[in-house]
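Chain by chain, the residues run as shown.
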Amino acid sequence: MGDRWVEVADRVWVRRCEELDLSLGLVAGDDCCLVIDTGVSADHGFAFATAVRELTPLPWQIAYTHDHFDHWFGTAAFGESAIWAVADGARFIATGDEQRKRWAAKYRLDRREEDARAIGRSRLVPPNCRVSGAIGLDLGGRTVVLRQVGLAHSDNDMVVEVPDAGVLFAGDLVENGAPPSYGDAFPYHWPQAVEYLLSWRPQTVVPGHGEAADYWWARGQVREMAEVARLCGEVAQGLVPVEEAAEHGPFGPETMRTAIERSRLLAPPPPPPPLPEPPAQSDPEAARQSPMGNPAFDAAPWAPVCIYDAIDYVIGPDGSIEAE
Ligand SMILES: [Zn+2]
């Protein structure tokens, strides 16, 4: 079938790609246009740039939604251009080199030699304009907002808002038709981040992968992400075994396991175990002197004795908490 354009609002287009079900973006003003992500390889980017030129002759600028290879390896075909991103160029190059090796190997394993070679020969083009917080970009008669997200699908997510058209290009913060990807994600932060981004109620939300959808669809996905975060927390506290959480996770067992793994790497230690039972009274003399029957608790009632501070604990592989 090949890649195709979908116009989701006035001069706002989504390029639906066969490869990885990617959704690339294009927003045109009166003076210039903004290209959102560039595809998986230089070859793919060349096809995308050609398709952009079928729609508009305006000069372009480029926005990277984050540093995963499928969103920026196609840039070489666009030539000299302003490229906006949250992370800096050095970081893009470092992570890009590593991803290029990993994905070329993966494509080779899948017996996709031509795709492996296309990734291998793609020249990496790092961003040259940094976005911190949010900036408005005047495209001529229309301003788009590039917004840093914080910790969510990755540590350098950026979204593009087109307020006059009610469109939010969300990058991989949401995915339509496949589970969101938790490999580099921050499971506890992600749902709040998307909820915040949806607070202006965009009519159309364009995911990084899958068809564009509406506000209510995106809100539904936030609810499921909140459930993932809740399950990660319950596993960390030893309330739910990993396999049970995986079985009931809203995006399927594999995604849930990845999210739990990430939450373990990133989360602060879980709260201490409950206060142990007071020690049994073995000294009748001490018990007699203590109005509460336990000298450890009532010796200085205004300065509570903290017993559990001294206990170290570890989380077992099944999520259980054990005192060390
Ligand atoms: Zn991604």
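Residues numbered from 1 in each chain as written. Predicted model: local features only at pLDDT ≥ 70, side-chain atom pairs only at ≥ 80, totals over all residues.

**Concerning the overall build of the protein chain**
Stated precisely, the cut-off is as follows: Helix and strand definitions here come from DSSP, where helices need a minimum of 4 consecutive H or I residues and strands a minimum of 2 consecutive E residues; each element is numbered from the N-terminal end. Partly exposed residues are those whose C-beta has more than 12 but fewer than 20 other C-beta atoms within 10 Å; 20 or more makes a residue buried and 12 or fewer makes it exposed, with C-beta atoms placed from the backbone. With C-beta atoms placed from the backbone, a contact is any residue pair whose C-beta atoms sit within 7 Å.
Helices and strands together make up the secondary structure of the protein chain, namely nine helices and 15 strands. Relative to its full complement of 324 residues, the protein chain shows a buried share of 38%. Contacts in the protein chain between residues far apart in sequence, at least 24 positions, make up 62% of those at least 6 positions apart.

**Some details on the nonpolar core**
To be explicit about the condition: By definition, a nonpolar core groups buried Ala, Val, Leu, Ile, Met, Phe, Trp, Tyr and Cys residues that are joined through C-beta atoms within 7 Å.
L34 and V194 are the most contacted members of the largest nonpolar core, which has 79 residues in total. A per-element tally of this core places helix α5 (residues 215-236) first, with eight residues. Aside from chain neighbours lying at most four places away, what touches L34 is V27, Q61, A63, L137, L139, V144 and V160.

**Here's the deal with the pairing of strand β9 (residues 143-150)**
Test applied: DSSP bridges decide pairing: two strands pair if at least two such bridges lie between them.
With five bridges joining them, strand β8 (residues 134-138) and β9 adopt antiparallel strand pairing. Residue pairing in the sheet places L137 in a bridge with V144 of β9. Remark: four residues form the turn of the hairpin made by β8 and β9, two consecutive strands paired antiparallel; G140 in that turn has positive phi of roughly 95°. In terms of strand pairing, β9 meets strand β10 (residues 157-162) through five bridges, oriented antiparallel. Considered in β10, the bridge of R147 is made with V159.

**Observations regarding the sheet that holds β10**
The six strands are arranged β8-β9-β10-β11-β12-β13 in an open sheet whose pairing can be described as mixed. Since the sheet does not close on itself, it has two edges, and those belong to β8 and β13 (213-214), each with one partner. Pairing geometry for strand β11 (residues 167-169) and strand β12 (residues 204-206), over three bridges, is parallel. Note on β12: the bridge partner recorded for F169 is V206.

**Brief notes about unusual backbone geometry**
Located in the positive-phi region is D37, a residue other than glycine, with phi close to 70°. Here D37 shows up in the loop between β4 (33-36) and α1 (42-55). For R201, which is not a glycine, the phi torsion comes out positive at approximately 50°. Judged by local crowding, R201 falls into the exposed class, with 11 C-beta atoms found within 10 Å.

**Re the sheet that holds strand β7 (residues 129-130)**
One open sheet holds the seven strands; their spatial order is β1-β2-β3-β4-β5-β6-β7, and the pairing between them is mixed. If you trace the sheet from one side to the other, it starts and ends with β1 (4-9) and β7, each paired once. As paired elements, β1 and strand β2 (residues 12-16) share five bridges and run antiparallel to each other. From the neighbouring strand, R4 faces β2, where its bridge partner is R16.

**Regarding the packing of helix α4 (residues 190-197) against α5**
To be explicit about the condition: To define axes, lines are fitted to C-alpha atoms, for helices over the stretch in contact only, and angles between the resulting N-to-C directions are given on a 0 to 180 degree scale. Should an angle fall under 35 degrees it is taken as roughly parallel, and over 145 as roughly antiparallel, whereas 65 to 115 is taken as roughly perpendicular and any remaining angle as oblique. We call a crossing left-handed when the near helix sits turned anticlockwise from the far one by less than a right angle, and right-handed when that turn is clockwise. In the scheme used here, Gly and all other residues not listed as nonpolar or charged are polar, with Ala, Val, Leu, Ile, Met, Phe, Trp, Tyr, Cys and Pro taken as nonpolar and Asp, Glu, Lys and Arg as charged.
Close contact between α4 and α5 brings their axes to 8 Å; oriented N to C, the two are set at 160°. With respect to α5, the axis of α4 lies roughly antiparallel. Crossing of α4 over α5 shows left-handed handedness. Within the contact between the two elements, α4 uses W190, P191, V194 and E195 and α5 uses V222, M225, A226 and A229. Considered class by class, the residues forming the contact of α4 with α5 number seven nonpolar, no polar and one charged.

**Regarding the environment of T255**
Within the fold, T255 resides in helix α7 (residues 253-266). For T255 and P179, which are 76 residues apart along the polypeptide, the C-alpha to C-alpha distance reads 7.1 Å. Ignoring sequence-local partners within four residues, the contact set of T255 consists of P179, Y182 and G249.

**Regarding the packing of α5 against α7**
Contact geometry for α5 and α7: axes closest at 9 Å, N-to-C directions at 60°. Between α5 and α7, the crossing angle belongs to the class labelled oblique. With respect to the hand of their crossing, α5 and α7 are arranged in right-handed fashion. Where α5 abuts α7, its residues V228, L231, C232, V235 and A236 lie against M256, A259, I260 and S263. Its residues assigned to classes, the contact of α5 with α7 comprises eight nonpolar, one polar and no charged.

**Details of the environment of A213**
Secondary-structure assignment places A213 in strand β13. When the C-alpha atoms of A213 and V8 are compared, they prove to be 9.5 Å apart, with 205 residues separating the residues in sequence.

**Observations regarding the pairing of β2**
Burial runs high along β2: four of the five residues are buried. Connecting the antiparallel pair β1 and β2 is a turn made up of two residues, with R11 showing a positive phi of about 55°. Where β2 lies against strand β3 (residues 23-28), five bridges are found, and the strand directions are antiparallel. Looking at β3, one finds that V12 is bridged to V27. Between the antiparallel neighbours β2 and β3 lie six residues, among them L20 with a positive phi of about 55°.

The values reported here are purely geometric and, on their own, carry no functional implication.
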